[in-house]
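Listed below are the residues making up each chain.
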Amino acid sequence: MSQGFLYPYTGLVTVLALMVYVAFAMRVGNARVKYAVMAPAVTGHPDFERRFRVQYNTLEQLALLLPALWLCALTVGDLQAGIGGLVWCFGRIVYAFTYQADPRRRFLGFVLTVLPSLTMLFASAWALLRNISITY
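The structure displayed is predicted, hence computed values, not measured ones. (Residues numbered from 1 in each chain as written. Predicted model: local features only at pLDDT ≥ 70, side-chain atom pairs only at ≥ 80, totals over all residues. Heavy atoms only, no water.)

### Quick look at the overall build of the chain
When its secondary structure is counted, the chain shows four helices and zero strands. Relative to its length of 136 residues, the chain is extended, with a C-alpha radius of gyration of 18 Å against a globular reference of 14 Å. Each of the three principal axes of the chain carries a C-alpha extent, and together these read 65 × 40 × 25 Å. Sorting the 136 residues of the chain into buried and exposed places 38% on the buried side. In the chain, 70% of the contacts between residues at least 6 apart in sequence involve partners at least 24 apart. Counting every atom, the chain has about 8600 Å² of accessible surface; 71% of that belongs to carbon and sulfur. Side chains of the chain give 11 positive and 5 negative charges; the mean places of these two sets differ by 3 Å. (Helix = DSSP H or I, 4+ residues; strand = E, 2+ residues; numbered from the N terminus. Rg over C-alpha atoms; globule rule 2.2 N^0.38 Å. Buried < 20%, exposed > 50% of the residue type's maximum accessible area, 1.4 Å probe, protein only. Contact = heavy atoms within 4.5 Å. Areas by Shrake-Rupley, 256 points an atom, 1.4 Å probe, with all protein chains shown as cover. Lys, Arg positive; Asp, Glu negative; His and termini not counted. Charge placed at Lys NZ, Arg CZ, Asp CG, Glu CD.)

### So, the packing of aromatic side chains
Taken as a whole and judged by the stated rule, the model has four aromatic pairs. Plain terms: the ring middles of Phe 52 and Tyr 56 are 6.0 Å apart, the flat faces sit at 25° to each other, and that makes the pair stacked. Taken as a pair, Phe 52 and Tyr 56 lie in helix α2 (residues 46-75) at a separation of four residues, close to a single helical turn. Here the aromatic residues Phe 48, Phe 52 and Tyr 56 are joined through ring pairs into a cluster of three or more. Between Arg 92 and the ring centre of Tyr 95, over which it is positioned, the NZ or CZ distance is 4.1 Å. (Phe/Tyr/Trp six-rings, centres within 6.5 Å; stacked < 30°, edge-to-face > 60°. Lys NZ or Arg CZ within 6 Å of the ring centre and 35° of its normal.)

### Examining the pattern of salt bridges
All chains considered together, the criterion is met by three salt bridges. With a shortest N-O distance of 3.4 Å, Arg 51 and Asp 47 are connected by a salt bridge. With Arg 51 and Asp 47 both in helix α2, this residue pair falls four residues apart, about one helical turn. With respect to burial, Arg 51 and Asp 47 carry one shared label: buried. For Arg 104, the salt bridge identified is with Asp 102, shortest N-O distance 3.1 Å. Relative accessible area serves as the criterion here: at 73%, Arg 104 is assigned to the exposed category. Its relative accessible area of 19% is what places Asp 102 among the buried residues. (Salt bridge = Lys/Arg side-chain N within 4 Å of Asp/Glu carboxyl O.)

What follows is the structure, encoded as structure tokens:
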């Protein structure tokens, strides 16, 4: 008999976020070949450099997203965490397309990435603080 998952939305959005990251890494690999930027070089053709920056920045953002996402699921709720993670994934995709076209236009994608992560982090902190009982 199957019990089901306790956090299906959070689990699915975790998979989606990692797939977004893998897709960006694959774009970097393709650009390495297309523009002959051989590892370990991380500079070369501007199109390669933009793809590399998107991938690297996404890795940096994952370091904030994943703990905030799971803390939110545990302390606030699975649905709320799933929504926050979905907005993050959408924001990363917007960030990638706008950064690729013109790095100066990346602001909306950045906000759609950072805002859900920080919201989940602060909501989790608030939920944890509300439930701490201090006994003397």
